[in-house]
Structure formats: structure tokens, C-alpha cells
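Inside the fold
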Amino acid sequence: MRRAQVYRWQIPMDAGVVLRERRLKTRDGLFVHLQQGEKQGWGEVSPLPGFSLETLDDAQAALLTWVNAWRDGASPALPDVPSAAFGISCALAELNGTLPEAADYRAAPLCSGDPDELFAALAAMPGEKVAKVKVGLYEAVRDGMVVNLLLEAIPDLRLRLDANRAWTPLKAQQFAKYVNPDYRDRIAFMEEPCKTRDDSRAFARETGIAIAWDESLREADFEFIAEPGVSAVVIKPTLTGSLDKVREQVTAAHALGLTAVISSSIESSLGLTQLARIAAWLTPDTIPGLDTLNLMQAQLVRRWPDNSLPLVDVEVLEPLL
Ligand SMILES: O=C(O)CCC(=O)C1=CC=C[C@@H](O)[C@@H]1C(=O)O
Ligand SMILES: [Mg+2]
């Protein structure tokens, strides 16, 4: 016998979380819980405002249609709404035992402002030291100085930077001017420095700083090809679609010698722990970009190990069926 439930939830965010120039006060999403005999699986469906093309209501409608058909014994195709396809495919993979339990909880610490906080996080980080710094929010010159300072202070640190397409070619040059040329190869990559892909390619060529594609992966004309200066692709499963599609993209990247980084779309702790499992499974040699739980004020249903945020249990969530 099949049973299923869908829950809708909302978590308050930390005061300072700004996405695409909009303050994100709450994170809103859905969970799907599938049960068949003794087996069960959970999935998270939480489109990210400003990044996902679908709204939460679109995702909810697609999810409920799929869940009702599944509960009636059908094998419906996954919806073509990326967040819904991702969450449902995770729930099915848990149910069928195809998503391994082992997880990679080494999230690269994320810094969007104060470098002092990053020093503390890095001091506590065992093994390979990789951090991600948001740039493009302040003056390019300040960003360049912060990056230089961090690389100078921690000799075994490698940085991932993310400009979210904020820079004109001139601003990008101003940034690069402040980074000591000897340190540039310790920038593992800079995600999407400029507004256009051509300007980002020129930045890589002119500065010797490797770049990574993130936003570009979701554009219709994007192709997985090897290009000089491009070292990585950032894969955000909630924005991508089913686990099969995520796997195809990781395989395509690896075949070209690119690093594939599994990254958060600011999912709840439940979704994040699943991303940590997906990363351990598909990209075991790469630290995933999952340090976003502390942007929230609570964890939901499943805990991230050693995180002290309060846990909200399933009994408190709003069932929709
Ligand atoms: O990739 C990471 O290390 C963490 C996730 C992260 O940086 C992001 C998640 C979601 C939206 C963005 O603000 C940002 C990104 O652009 O990559
Ligand atoms: Mg990015």
C-alpha cells in the first residue's frame, strides 16, 4: 500500500540575507514524504526566489498532481518544474535505497561580509582549507583587498569567489589589480564575474584567474564544453531538476575535466543533508558548497551534524493532504 503526505513550511531567515537585491525574510518550501510498505523517503521542494523560474505555488501544484497519481498506484513522469522534479526524485531514491547514506558534511565556509568570521571558521576546519567569498556587493577594490589579505594570512587556503555577474569588465579589472599575481592560482575559481559570458571569458584570459559557470548552466544556450580559463561548474540541484539530470551534468563536467561543485539553493536542513549525500556520492573529491544553514533560524525534520539551531519536528508542519 502506498501512502503520501506533503507539508508546507516557512522558516525565518537571519536579518541580513539579501538575494538579487531583495531581502529574504523567510524561506518557504514543501516536503514530500512517500511510504510504500516498510519503505519510505523524503524530498524537499523549495524553489529559490530570484533564482528559480517557478513560484512555490507552481511547484506545489506540480507536486500535488504527481503525489496524488503516485498514491493511486500509477508511475507518473516527473514534473518539468525543476524544484518539484528534484524533491520527488530524492524521495523516490530514498524509498528505493538508491541515494547512499554516506554524506560529505565538509561545507566550504561562506563569507559575505566580515573576513574575521572566516578566519575563525577556517581555523576550525580540518584538512583541505577551501572557503567561498561573495564579491561584487561592495567596491571592487575592497573585494580585491579582502581576497589578498585572506590568501596572504592563510598560506594553505584556496578560495572560491562569486560575483553573481555583478561586474562590468572595468570593475572586474579593478578587483584583479589588487590581487597579488602570485596568489591568483589559489583562487580555485571565480563564479560568473561579469554580466555576459564573453566578458567573463575575457576576465579569465586577461587576469589568469579561473572562472566557473553557475547561472549560465540554467540558460537555454548553455553547453558543456571545455574552454580555456573555465575550471568548474556549480550545480544547484533544486534549480536543475531530477537526480538523473544532476547526475548527467556531473558526468558531463567530469568528462571535460571540469570540477563539479554541488551547491545549495538555501534549502532547509533536510534538503541540505540530502545534498551532502549527493555530493559524497557524485563528487567525492570536491568539497560541496553547502554552508547556508546558518542563514536560517531553525532546522527542519533532520539535523545537520553538530549544528546548534533548534529543530522543528514533522508534527509541527502543516500537512496539505
Ligand atoms: O555555493 C555555495 O558555496 C553556497 C551557496 C551560494 O553561494 C548561493 C546559493 C544561492 C544563491 C546565491 O546567493 C549563491 C550563489 O550564487 O551561488
Ligand atoms: Mg553562484
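Residues numbered from 1 in each chain as written. Chains lettered and ligands numbered in written order. Predicted model: local features only at pLDDT ≥ 70, side-chain atom pairs only at ≥ 80, totals over all residues. Heavy atoms only, no water.

Some words on the packing of helix α1 (residues 56-71) against helix α2 (residues 82-95)
- Between α1 and α2, the shortest axis-to-axis distance is 9 Å and the interhelical angle comes to 35 degrees. The element α1 and its partner α2 pack so that their crossing is right-handed. Facing α1, whose interface residues are Ala 59, Ala 62, Leu 63, Trp 66 and Trp 70, α2 presents Ser 83, Ala 84, Ile 88, Leu 92 and Leu 95.
- Counted by class, the contact of α1 with α2 contains 9 nonpolar, 1 polar and no charged residues. (Axes fitted to C-alpha atoms, helices over the stretch in contact; angles between N-to-C directions. Helix = DSSP H or I, 4+ residues; strand = E, 2+ residues; numbered from the N terminus. Left-handed = near helix turned anticlockwise from the far one by under 90°. Contact = heavy atoms within 4.5 Å. Nonpolar A, V, L, I, M, F, W, Y, C, P; charged D, E, K, R; others polar.)

Points about the side chain of Asp 143
- By the element assignment, Asp 143 lies in helix α4 (residues 140-153).
- From its side chain, Asp 143 meets the backbone nitrogen of Gly 136 in a polar contact 2.7 Å long.
- Beyond its immediate stretch of four places on either side in the chain, Asp 143 contacts Lys 134, Val 135, Gly 136, Leu 137, Tyr 138, Trp 167 and Phe 175. (Polar contact = N/O pair within 3.5 Å; in protein donor to acceptor, adjacent residues only side chain to side chain.)

Describing the site of ligand 1
- Near ligand 1, the surroundings consist of 16 residues, among which Lys 132, Asp 162, Asn 164, Lys 236 and Ser 263 are the closest.
- Within the side chain of Asn 164, a nitrogen or oxygen atom sits 2.7 Å from an oxygen atom of ligand 1.
- Within the contact set of ligand 1, an oxygen atom lies 3.2 Å away from a side-chain nitrogen or oxygen of Asp 214.
- Judged by the proximity of its atoms to the pocket grid, ligand 1 belongs to the largest pocket. (Near = heavy atom within 4 Å. 1 Å grid on protein atoms, 1.4 Å probe; cavity = no way out; pocket = protein on both sides within 12 Å on 5 of 7 lines; lining within 4 Å. Sits in = over half its atoms within 2 Å of the grid points.)

Brief notes about the coordination of the magnesium ion (ligand 2)
- Protein-derived coordination of the magnesium ion (ligand 2) comes from Asp 162 (OD), Glu 191 (OE) and Asp 214 (OD), at a distance range of 2.0 to 2.2 Å.
- In the primary sequence, the donor residues of the magnesium ion (ligand 2) line up as D-x28-E-x22-D. One end of the pair, Asp 162, is in strand β8 (residues 157-162); the other, Glu 191, is in strand β9 (residues 187-191), and 29 residues separate them in sequence. Of the two residues, Asp 162 and Glu 191, both sit in the buried class. (Donors = N, O, S within 2.8 Å, 3.2 Å for Na, K, Ca; no water. Buried < 20%, exposed > 50% of the residue type's maximum accessible area, 1.4 Å probe, protein only.)

Structural notes on the UniProt feature "active site" (unreviewed entry) in the chain
- According to UniProt, the feature "active site" (unreviewed entry) maps to Lys 134 and Lys 236 in the numbering used here. Of the residues annotated just before, the largest cavity has Lys 134 among its lining.
- By secondary structure assignment, the location of Lys 134 is in strand β7 (residues 129-134).
- With residues near it in sequence (within four places) discarded, Lys 134 still touches Cys 111, Ser 112, Asp 143, Asp 162 and Asn 164.
- With respect to the helices and strands, the residue Lys 236 is situated in the loop between β11 (230-235) and α7 (237-240).
- For Lys 236, the contacting residues outside a window of four places in its chain are Asp 214, Arg 218, Ser 263, Ser 264 and Ser 265. (UniProt positions renumbered as here; feature names shortened; annotations may be inferred.)

A few points about empty space enclosed by the protein
- Applying the stated criterion across every chain yields a total of 1 cavity of 30 Å³ or more.
- Taken as a whole, the largest cavity holds about 60 Å³ of empty space.
- In terms of lining residues, the largest cavity is bounded by Cys 111, Ser 112, Gly 113, Val 133, Lys 134, Val 135, Tyr 138, Arg 142, Asp 143, Val 146 and Val 147.
- Broken down by secondary-structure element, the contributors of at least two residues to the lining of the largest cavity are β7 and α4. (Points joined across faces, edges and corners; volume = space filled by probe spheres on them.)

Some thoughts on the packing of aromatic side chains
- Overall, the coordinates contain 7 aromatic pairs when judged by the stated rule.
- Ring centres 5.3 Å apart and planes at 40 degrees place the aromatic pair Trp 9 and Phe 31 in the tilted group. Taken as a pair, Trp 9 in strand β1 (residues 2-12) and Phe 31 in strand β4 (residues 26-36) lie far apart in primary sequence, 22 residues in all.
- Note on Tyr 105 and Trp 304: the rings are 4.9 Å apart at their centroids and 80 degrees apart in plane angle, and the pair reads as edge-to-face. Of this pair, Tyr 105 sits in the loop between α2 and β6 (110-111) while Trp 304 sits in the loop between β13 (299-300) and β14 (311-312), and the two are 199 residues apart along the sequence.
- A network of ring pairs unites the aromatic residues Tyr 7, Trp 9, Phe 31 and Trp 42 as a single cluster.
- Above the face of the Tyr 183 ring, Arg 186 is positioned so that its terminal group lies 5.5 Å from the ring centre. (Phe/Tyr/Trp six-rings, centres within 6.5 Å; stacked < 30°, edge-to-face > 60°. Lys NZ or Arg CZ within 6 Å of the ring centre and 35° of its normal.)

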